[in-house]
Amino acid sequence: PEAEALSLRATAMLADGRPAEAAVRFERAAELVDEWDARFAARARLYAALGLDLSGDPQEAQRARATTLASLRLAEIQDPLVLRLLLEADASTGWYPGSSSRREVRARLGRLELERGAAQAAVLAWRAAESESGARPTRQRLRLNQAEALVSLGQDQAAIAMLAGLAATELRPEALAMLGLIQ
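What counts, and where the lines are drawn
- Counting of residues starts from 1 at the beginning of each chain's written sequence and follows it residue by residue.
- Selection of residues for local features in this predicted model requires a pLDDT of at least 70, selection of side-chain atom pairs for listing and counting requires 80 or more, and totals for whole chains, interfaces and linings are taken over all residues.
- With hydrogens and water set aside, each side-chain value is computed from the structure's full complement of heavy atoms.
- Throughout this description, the term salt bridge denotes a Lys or Arg side-chain nitrogen within 4 Å of a carboxyl oxygen of Asp or Glu.
- For every residue, the accessible area (1.4 Å probe, protein chains only) is compared with the maximum for its type, and the residue is labelled buried under 20%, exposed over 50%, or partly exposed between those bounds.
- Secondary structure elements follow DSSP: runs of H or I no shorter than four residues count as helices, runs of E no shorter than two count as strands, and numbering proceeds from the N terminus.
- Contacts: residue pairs with any heavy atoms within 4.5 Å of one another.
- Between N or O atoms, a polar contact is any pair within 3.5 Å; within protein, one atom must be a potential hydrogen donor and the other a potential acceptor, and residues adjacent in sequence are included only when both atoms are from side chains.
- Geometry is summarised by axes, namely lines fitted to C-alpha atoms with helices restricted to the contacting stretch, and by angles between N-to-C directions that run from 0 to 180 degrees.
- If an angle is under 35 degrees, it is roughly parallel; if it is over 145, roughly antiparallel; if it lies from 65 to 115, roughly perpendicular; otherwise it is oblique.
- By definition, turning the near helix anticlockwise from the far helix through less than a right angle yields a left-handed crossing, and turning it clockwise yields a right-handed one.
- The nonpolar core is taken to be a set of buried Ala, Val, Leu, Ile, Met, Phe, Trp, Tyr and Cys residues, with the residues joined through side-chain atoms within 4.5 Å.
- Any residue outside Ala, Val, Leu, Ile, Met, Phe, Trp, Tyr, Cys, Pro, Asp, Glu, Lys and Arg is labelled polar, Gly included; the first ten of those are nonpolar and the last four are charged.
- Stacked, edge-to-face and tilted are the three classes for Phe, Tyr and Trp ring pairs, Trp counted by its six-membered ring, which pair at centre distances within 6.5 Å; planes under 30 degrees apart are stacked, over 60 edge-to-face, the rest tilted.

Attention now moves to the pattern of salt bridges. Applying the stated rule across the entire model yields 16 salt bridges. For Arg18, the salt bridge identified is with Glu21, shortest N-O distance 3.6 Å. The residue Glu130 makes a salt bridge to Arg139 at a minimum N-O spacing of 3.2 Å. Under the relative-accessibility criterion, Arg139 is labelled partly exposed at 40%.

This next bit is on the environment of Gln146. Relative to the helices and strands, Gln146 is located in helix 8 (residues 139–152). Taking the C-alpha atoms as reference points, Gln146 and Ala125, 21 residues apart in sequence, are found 9.1 Å from one another. Excluding its chain neighbours within four sequence positions, the residues that come into contact with Gln146 are Val123, Trp126, Arg127, Glu130 and Met162. Within the structure, the side chain of Gln146 is placed 2.5 Å from the side chain of Glu130, a separation counted as a polar contact.

Glancing now at the packing of helix 6 (residues 102–115) against helix 7 (residues 119–131). Where helix 6 contacts helix 7, the two axes come as close as 8 Å, and the packing angle between them is 165 degrees. Relative to helix 7, the element helix 6 lies roughly antiparallel. Crossing hand, helix 6 versus helix 7: left-handed. From helix 6, Arg103, Arg106, Ala107, Leu109, Gly110, Arg111, Glu113 and Leu114 reach across to helix 7, where they touch Ala119, Ala121, Ala122, Ala125, Trp126, Ala128, Ala129 and Glu130.

If you look at the biggest cluster of nonpolar residues, it comprises 35 residues, and the most contacted ones within it are Ala22, Phe26, Phe40, Leu46, Ile77, Leu83 and Leu86. For this core, the leading source of residues is helix 3 (residues 38–54), giving nine residues. The residues contacting Phe40, other than those within four sequence positions of it, are Ala3, Glu4, Ser7, Ala29 and Val33. If you look at the next biggest cluster of nonpolar residues, it comprises 22 residues, including Trp126, Ala129, Met162 and Ile182.

This part takes up the packing of helix 2 (residues 19–33) against helix 3. One can describe the packing of helix 2 onto helix 3 by two numbers: an axis separation of 8 Å at closest approach and a directional angle of 160 degrees. Comparing the axis directions of helix 2 and helix 3 gives the class roughly antiparallel. Our pair here, helix 2 against helix 3, has a crossing hand that is left-handed. Contacts between helix 2 and helix 3 pair Pro19, Ala20, Ala23, Phe26, Glu27, Ala29, Ala30, Glu31 and Val33 from the former with Phe40, Ala41, Ala44, Arg45, Tyr47, Ala48, Gly51, Leu52 and Leu54 from the latter. Its residues placed into classes, the contact of helix 2 with helix 3 shows 14 nonpolar, one polar and three charged.

Time to look at the side chain of Arg106. Structurally, the position occupied by Arg106 is in helix 6. For Arg106, a relative accessible area of 18% corresponds to the buried category. Aside from chain neighbours lying at most four places away, what touches Arg106 is Leu87, Ala125, Trp126, Ala128, Ala129 and Glu132.

So, about the packing of aromatic side chains. Think of a pair of aromatic rings as described by two things: how far the centres are apart, and how the planes are tilted against each other in angle. Per the stated rule, a full pass over the model turns up one aromatic pair. With 5.1 Å between their ring centres and 20 degrees between their planes, Phe26 and Tyr47 make a pair best called stacked. Of the two residues, Phe26 sits in helix 2 while Tyr47 sits in helix 3, which places them 21 residues apart along the sequence. Across the pair, exposure class does not vary: Phe26 and Tyr47 are buried alike.

Structure below.
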């Protein structure tokens, strides 16, 4: 409860234009839960880094971000907000969990959004992932994911058009199965 209260106060301080004070509270909240809730601690530390960025201390923010990301694996992140914080951080730093690329982070964000019932946000994340550099996930995989989200949105015709194009790729079995489900 103390960590949650610190986090709420820190969020209010960020909204009130006091990012340096917020960063201290977020860091303290992370320290309180370090040993039993790594997800909460990671999110709090990324918010602390955001506060440091906003208060004009980019070197310290980068250090905090790097320390946090060294202990994370992309597949372990279950919070879309954490992924959005990573993407909003200085893109030139290249600090992502493990050896993940921005493309992989956006693809993970799309999957989490779809699992949470936010299909429109998932489509947008996967489209954004297509424009990022990187080999994984492939463009075809991202489009298959988009088709899945479009079906969730009730946009079957758009999904069918996308799946028809994928029927000539290595994802043919999955595309045909999804087309069959739509029909």
